[in-house]
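Descriptive structure summary
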Amino acid sequence: MITINNAVVSYREDVALRGVSLSVKKGELVGIIGPNGAGKTTILTLVNGLGKLLKGQVQVLGCMLNNGCPSYLRRRIGYVPQIHNIDPRMPVNAREVVMMGRYGRLGLLRRPGILDRQVVESLLSLVGMSHLATRPIGHLSGGEQQRVAIARALAQEPDILLLDEPTTGLDRRARVEIMALVNEIHRSRNLTTLMVTHELKTASAICNRLVLMKEGRIWSQGKPEDVLQEEVLDLLYGDENRVVNYF
Ligand SMILES: Nc1ncnc2c1ncn2[C@@H]1O[C@H](COP(=O)(O)OP(=O)(O)OP(=O)(O)O)[C@@H](O)[C@H]1O
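Residues numbered from 1 in each chain as written. Predicted model: local features only at pLDDT ≥ 70, side-chain atom pairs only at ≥ 80, totals over all residues. Heavy atoms only, no water.

**Some remarks on the overall build of the chain**
Heads up, the condition is: The helix count covers DSSP runs of H or I at least four residues long, the strand count covers runs of E at least two residues long, and both are numbered beginning at the N terminus. Radius of gyration: over C-alpha atoms. The globule rule applied is 2.2 Å multiplied by the number of residues raised to the 0.38 power. Think of it in three bands: with a 1.4 Å probe and only protein chains considered, a residue is buried below 20% of the maximum accessible area for its type, exposed above 50%, and partly exposed in between.
Of the regular secondary structure elements, the chain holds 10 helices and 10 strands. Compactness check: the chain gives a C-alpha radius of gyration of 18 Å against a globular reference of 18 Å for 247 residues, within 12% of the reference. Considering only C-alpha atoms, the chain reaches an extent of 50 × 40 × 35 Å along its principal axes. Per-residue burial over the chain gives 50% buried out of 247 residues.

Shown next as structure tokens:
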């Protein structure tokens, strides 16, 4: 489904990935963990066809992405970016945001039809947001905005779901709920899911595999119970270990 081979990515003087190889099989839920600046988000951008490779290859859904991602393929990859502060004056409501996710399939000039509206309503229901569908996006809580962002990514009916720290800034209860939702969606919609997260405990409960990254390299990977040893976490995070949600 996804094969990254010896990828090197740099942003001017910063080298974000220093020769990363990673394969993800159909149906896997893979968690990418590691300290800030490890290169986790950069892996997601490569799979989404937005990254610039200095070296190496990326193959997604049978297509080589070295020269960007063709739009028919982009539609098969749902991306939930990290949410930053949304301007409360933003004049779109939750339902409209989810519909925006449909435009990749519709094309910009086609108007949404009954089927599109049905898809949007069923996604709002799936993520538990039907009752807040008409509320402006900037007036929702962080957890609610995250639910809307997940529904938006699913609106294009992707095969691959990429999530970048979907629980950042949320309280404990909302973090647990979002991780449970990710798990449910992954399984019920037969997705292949790649998620960057700092939720080590919940991630180890729901992911088939964890990939530990540091300084642009894959440090270790495997079943959560095999890789999440306390001494590995100490090495991986150093002092930062205290701020990740594990123990
Ligand atoms: N657009 C950019 N321009 C310049 N440097 C960048 C850019 N994006 C990322 N970098 C750098 O590349 C490195 C890897 O960044 P990346 O965002 O992939 O890490 P990360 O593991 O996702 O970090 P975080 O947990 O903080 O989100 C960092 O040193 C970062 O400063």
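**Remarks on the confidence of the model for the chain**
Convention followed: A score from 0 to 100, pLDDT tells how confident the predictor is in each residue.
When pLDDT is averaged along the chain, the result is 89; 94% of the residues meet or exceed 70. Confidence, read as mean pLDDT per element, is least for helix α10 (residues 230-237) in the chain (72) and greatest for strand β8 (residues 192-196) (98).

**Section: the site of the ligand**
Basically, it comes down to this: Throughout this document, a residue counts as near a molecule or strand when at least one of its heavy atoms sits within 4 Å of that molecule or strand. Polar contact is the term for a pair of N or O atoms within 3.5 Å; when the atoms are in protein, one must be able to donate a hydrogen and the other to accept it, and sequence-neighboring residues count only if both atoms are side-chain atoms. All accessible areas in this document rest on Shrake-Rupley with a 1.4 Å probe, and a residue is counted as covered only by the protein chains that are shown. Ten residues, namely Ala, Val, Leu, Ile, Met, Phe, Trp, Tyr, Cys and Pro, are considered nonpolar, four, namely Asp, Glu, Lys and Arg, are considered charged, and the remaining ones, Gly among them, are considered polar.
Close to the ligand lie 14 residues; Gly-37, Gly-39, Lys-40, Thr-41 and Thr-42 are nearest. In this structure, Gly-39 approaches the ligand through a main-chain N or O atom, which is 2.9 Å from an oxygen atom. In this structure, Glu-165 approaches the ligand through a side-chain N or O atom, which is 3.3 Å from an oxygen atom. When isolated, the ligand has an accessible area of 630 Å², and the protein chains bury 62% of it. Among the secondary structure elements, those contributing two or more residues to the shell around the ligand are β2 (14-24) and α1 (40-47). If one sorts the elements of the shell around the ligand by residue count, α1 sits on top with three residues. Here the residues of the shell around the ligand are counted per class, giving four nonpolar, seven polar and three charged.

**Observations concerning the nonpolar core**
Our working rule: We call a set of buried Ala, Val, Leu, Ile, Met, Phe, Trp, Tyr and Cys residues a nonpolar core when their side-chain atoms join them within 4.5 Å. Domain start and stop points were drawn from an automatic or database domain assignment. Any two residues having at least one pair of non-hydrogen atoms within 4.5 Å are treated as being in contact.
Within the largest apolar cluster, 48 residues are counted, with the highest numbers of intra-cluster contacts made by Ile-33, Val-98, Val-148, Ile-150, Leu-161, Ile-185 and Leu-210. In terms of domain composition, this core takes at least three residues from each of domain 1 (1-76 + 159-247) and domain 2 (83-157). If near-sequence neighbours (up to four positions away) are discounted, Ile-33 is found in contact with Lys-40, Thr-197, Leu-200, Leu-210, Val-211, Leu-212, Met-213, Leu-228, Leu-236 and Tyr-237. If you look at the next biggest cluster of nonpolar residues, it comprises 29 residues, including Leu-22, Val-30, Ile-32 and Leu-162.

**Section: the layout of surface pockets**
Put simply, the rule is: Both site types are read off a 1 Å grid over the protein atoms alone. A 1.4 Å probe that fits but cannot get out defines a cavity, while an open set with protein on both sides within 12 Å along at least five of seven lines defines a pocket; lining residues have an atom within 4 Å of a point. Grid points are joined across faces, edges and corners, and a volume is the space filled by probe spheres set on the points.
Here the largest pocket defines a volume of roughly 320 Å³. Looking at the lining of the largest pocket, the element that brings in the most residues is strand β6 (residues 77-80), giving three residues. Taken together, the residues of the lining of the largest pocket break down into six nonpolar, six polar and three charged. Summarising the domain contributions, the lining of the largest pocket has at least three residues from each of domain 1 (1-76 + 159-247) and domain 2 (83-157). Volume-wise, the second largest pocket comes out at about 270 Å³. Listed by contribution, the elements that provide at least two residues to the lining of the second largest pocket are α3 (94-100) and α6 (142-154). For the lining of the second largest pocket, the element with the most residues is α6, which contributes four residues. In terms of residue class, the lining of the second largest pocket is made up of 11 nonpolar, two polar and one charged.

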